[in-house]
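Structural description and commentary
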Amino acid sequence: MMDFKLNMNLKQRFSLAFSVLFSLILATLLFIVFTLFSNFRKEEIQNRLIEKAQTTVKLLVEVKQMDYTLLKLIDRETINNLYNEKTLIFNDSLALIYSSIDDAVIKWDTGMLRKIQSQKFLYKTENEYDIVGLKINQAGKNYTVLISAEDTFGNRNLIYLKYLFIAAFIVGLFLVWFLSFYLSKQALLPLDVFKNKVQNISENNLNSRLETTERKDEISELTSAFNTMIARIDNSFQYQKSFVGSASHELRTPLSKISAQLENLMQNTELPEKFSVTLASMKEDIQQLSDIVTSLLILSKLENQNHIKSFLDVRIDEIIFSSVEFLKKYYYNLKVHFEIINETGLEDKLEIKGDEALLKIAIINLLKNAYLYSDDKEVDIKIIQQSGCIKVFIANSGTVPDEKDTEKLFASFVRGSNAIPNKGFGLGLSIVKRIMQYHNADIKYIIPDENHNLVDITFKV
């Protein structure tokens, strides 16, 4: 039950709470009305039976000339037939002195009669009959009267009322549940619109604002508060991008100078060997810092570029070929297995809309990683042309990262467990991810089987 509540949204919880509350109130009111009517019926039939019992005893005792035949004739002409009435009168010794001509039967015993004598009143129901027992004093003598009748009219009304209330409860239940969910949906519709607009805001459109209305309701206030918050975030984000870009640009010059000076020192043949080793290590560290600065500068430029406007038609296969040739200048033992598959049945057309320089940076990063983390220094590249997209697979055989790390590999400054032996800062794949997002392409890392890495890129065409 708790999990079910947690999975419901605000509209569903509000509608459910309102519907349950209204259903309980409706059921309680109908039950109270039905109970009151049932008690009213009982009181009414009791009063009628008491009045009838008192009248019968009075006629029996006070009218001296009254004989049993005449009394039974009076019974026959009164409400006897209407209620299927039966009347029994006992004297003070509990001897039966009168019984109506009705065929109905009243179950009684001496204990029941003595109870009536002691309590002076008894009421009970037996099947469809209402039974009243009375102790009546008439002309100085005590009489015990048992009278029963079938309240046909009252019971029929009670049954009708019961089914009427059940039908009313079912209809009311359906209406309240339907209306509560419908009205809550309509009432909170602006909140859905607000949610959809918020979901469309990303780091690429922080300058967008939600439309506000003149209504002074909670949704309008929430929209204004959100616009204020997003403006602050946008200002902070722009300041951060500006700082990163400026700092990266300013750091490149001193790092290049330091690298050049180290290179000059290393060319000095008179330096002791241990100094040469130290200088080589320092140069490697400077190169890593330079790579980080270059990566940060690329990310900063990506954030400031405008989508689509600078895109041209480029062939993805040519970008991959040129990237491979570039890497072979530094990694001479790199081996690449290349394959192109056309699943469309049409002519090969491997063109996409994109920025050639940025795509080349991304492909070089991916190929470099595939080479560095492979066991045999071989990389498999497969391009598959499909309807509406072009897929690029870059795979290698080598140690795979932990399963828990795969979802975070494209985050900045995150490295997989298989990258520990190699130097790096975890910016390469984050740059690749950002470039692919810039080109509206999907990229994901897959472990198809043990000791096998695969990067899947999908370009929409």
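Owing to the predicted nature of the structure, the values given are computational and were not obtained by experimental measurement. (Residues numbered from 1 in each chain as written. Predicted model: local features only at pLDDT ≥ 70, side-chain atom pairs only at ≥ 80, totals over all residues. Heavy atoms only, no water.)

**Regarding the side chain of Gln46**
Quick reminder of the rule: A helix here means a DSSP run of H or I that spans at least four residues, while a strand means a run of E at least two residues long, and both kinds are numbered starting from the N terminus. We call two residues in contact when some of their heavy atoms are within 4.5 Å.
Relative to the assigned elements, Gln46 resides in helix 2 (residues 10-62). Beyond its immediate stretch of four places on either side in the chain, Gln46 contacts Phe121, Tyr123 and Val132.

**Here we look at the confidence of the model for the chain**
Basically, it comes down to this: pLDDT measures the predictor's confidence residue by residue and takes values from 0 up to 100.
Mean pLDDT over the chain: 78, with 78% of residues reaching 70 or higher. For the stretch residues 1-6, pLDDT sits under 50, and the model shows two contacts to residues farther than four places along the chain or on other chains.

**Description of the environment of Phe178**
As for its placement among the helices and strands, Phe178 is situated in helix 6 (residues 152-187). Sequence separation between Phe178 and Ser15 is 163 residues, and the spatial gap between their C-alpha atoms is 9.1 Å.

**Examining the sheet that holds strand 11 (residues 442-449)**
Selection criterion: Note on pairing: DSSP must find at least two bridges between two strands before they are called paired. For helices, the fitted axis covers only the stretch in contact; all axes are lines through C-alpha atoms, and the angles between them, taken along N-to-C directions, range from 0 to 180 degrees.
With mixed pairing, five strands are arranged side by side in an open sheet as 7-9-10-12-11. The sheet is open, and its two borders are formed by strand 7 (335-342) and strand 11, each paired with just one other strand. Looking at each pair of strands side by side, their axes are set apart by 20° on average, direction ignored. Inspection of the sheet shows strand 10 (residues 389-397) paired to strand 12 (residues 452-460) by nine bridges, in the antiparallel sense.

**What to know about the sheet that holds strand 4 (residues 129-138)**
Pairing between the strands of a sheet comes from backbone hydrogen bonds, and it takes one of two forms, parallel or antiparallel. Taken in spatial order, the five strands of this open sheet run 2-1-5-4-3, and their pairing is antiparallel. Edge positions in the sheet fall to strand 2 (96-99) and strand 3 (121-126), since each has one partner strand and no second. The sheet shows a mean angle of 15° between the axes of neighbouring strands, taken without regard to direction. Pairing between strand 1 (residues 86-90) and strand 2: three bridges, direction antiparallel. Directly across from Ile89, in strand 2, lies its bridge partner Tyr98.

**Remarks on helix 10 (residues 316-328)**
Defined as follows: What a helix is expected to span follows from its residue count: subtract one and scale by 1.5 Å. Each residue is assigned to one of three classes by its accessible area relative to the maximum for its type, calculated with a 1.4 Å probe on protein chains only: buried under 20%, partly exposed between the two thresholds, exposed over 50%. In this description, the arc belongs to the directions extending from the helix axis to the C-beta atoms.
The end-to-end C-alpha separation of helix 10 is 19 Å, in line with the 18 Å expected for 13 residues at 1.5 Å each. Every buried residue belonging to helix 10 is among Ile316, Asp317, Ile319, Ile320, Ser323, Val324 and Leu327, and all of these are buried. Down the axis, helix 10 shows its buried residues gathered within 160° of arc, on one side only.

**Examining the packing of aromatic side chains**
To be explicit about the condition: Pairing of aromatic rings covers Phe, Tyr and the six-membered ring of Trp, with a centre-to-centre limit of 6.5 Å; geometry is then stacked below 30 degrees between planes, edge-to-face above 60, and tilted otherwise. Two thresholds decide whether a charge sits over a ring: the Lys NZ or Arg CZ must be within 6 Å of the ring centre and within 35 degrees of the ring normal.
In total, this model carries six aromatic pairs according to the counting rule given. Judged by centre distance (6.4 Å) and plane angle (25°), the ring pair of Phe18 and Phe22 falls under stacked. Pair noted here: Phe18 and Phe22 are both in helix 2, with a separation of four residues, about one helical turn. For Phe22, a relative accessible area of 36% gives the class partly exposed. When the ring of Phe178 is compared with that of Tyr182, the centres are 6.1 Å apart and the planes differ by 5°; the resulting orientation is stacked. Here Tyr182 and Phe178 lie together in helix 6, a separation of four residues that amounts to about one turn. Owing to a relative accessible area of 47%, Phe178 belongs among the partly exposed residues under this scheme. Chaining the aromatic ring pairs together yields one cluster made of Phe174, Phe178 and Tyr182. Over the ring of Tyr163 we find Lys162; its NZ or CZ atom is 5.2 Å from the centre of that ring. We note Lys377 situated over the ring of Tyr371; from NZ or CZ to the ring centre the distance is 4.9 Å.

**Considerations on the packing of helix 11 (residues 356-372) against helix 12 (residues 428-438)**
Convention followed: Should an angle fall under 35 degrees it is called roughly parallel, over 145 degrees roughly antiparallel, and 65 to 115 degrees roughly perpendicular, with every other angle called oblique. Should the near helix be turned anticlockwise from the far one by less than a right angle, the crossing is left-handed, and should it be turned clockwise, the crossing is right-handed. Think of it as three bins: nonpolar holds Ala, Val, Leu, Ile, Met, Phe, Trp, Tyr, Cys and Pro, charged holds Asp, Glu, Lys and Arg, and polar takes everything else, Gly as well.
The contact between helix 11 and helix 12 brings their axes to 9 Å, and the two run at 140°. What the angle tells us is that helix 11 and helix 12 run oblique. By crossing handedness, the relation of helix 11 to helix 12 is classed as left-handed. Residue-level contacts link Leu358, Leu359, Ile361, Ala362, Asn365, Leu366 and Asn369 of helix 11 to Gly428, Leu429, Ile431, Val432, Ile435, Met436 and Tyr438 of helix 12. Among the residues making up the contact of helix 11 with helix 12, the classes are represented as 11 nonpolar, three polar and no charged.

**A closer look at the pattern of salt bridges**
Note the threshold: Salt bridge, as used here: a side-chain nitrogen of Lys or Arg that lies within 4 Å of a carboxyl oxygen of Asp or Glu.
Inspection of every chain in the model, using the stated rule, returns nine salt bridges. Between Asp130 and Arg41 there is a salt bridge whose closest N-O contact spans 3.3 Å. Pair noted here: Asp130 is in strand 4 and Arg41 is in helix 2, with a separation of 89 residues, a long-range link. Exposure remark for Asp130: the relative accessible area of 1% places this residue in the buried category. Owing to a relative accessible area of 5%, Arg41 belongs among the buried residues under this scheme. Residues Asp313 and Lys353 are paired through a salt bridge, measuring 3.1 Å at the closest nitrogen-oxygen approach.

**Looking at the nonpolar core**
Which entries qualify depends on this criterion: To qualify as a nonpolar core, a set must consist of buried Ala, Val, Leu, Ile, Met, Phe, Trp, Tyr and Cys residues joined through side-chain atoms within 4.5 Å.
In terms of nonpolar packing, the biggest core is built from 40 residues, with Ile316 and Phe459 touching the most fellow members. At the level of secondary structure, the elements contributing two or more residues to this core comprise helix 10, helix 11, strand 9 (378-386), strand 10, helix 12, strand 11 and strand 12. Residue contributions to this core peak at nine residues, all from helix 11. In contact with Phe459, not counting residues within four places along its chain, are Ile316, Ile352, Leu359, Gly388, Cys389, Ile390, Val392, Met436 and Ala441. One finds Ile50, Leu60, Tyr98 and Tyr143 within the second-largest nonpolar core, a separate group that totals 15 residues.

**Things to note about a nonpolar patch on the surface**
Counted only if it meets this: Nonpolar side chains (Val, Leu, Ile, Met, Phe, Trp, Tyr) within 5 Å and like charges within 9 Å form the patches, drawn only from residues with over 30% relative accessible area and no salt bridge. Each accessible area is a Shrake-Rupley result for a 1.4 Å probe, and residues are judged covered by the shown protein chains and nothing else.
A surface patch of nonpolar side chains, amounting to about 710 Å² of accessible area, comprises Val171, Phe174, Leu175, Phe178, Leu179, Tyr182 and Leu183. Along the chain, Phe174 falls in helix 6.

**Notes on unusual backbone geometry**
Unusually for a residue other than glycine, Lys120 sits at a positive phi of about 70°. Counting through the fold element by element, Lys120 comes out in the loop between helix 5 (110-119) and strand 3. Phi is positive for Asn440, which is not a glycine, with a value near 60°. One can find Asn440 in the loop between helix 12 and strand 11.

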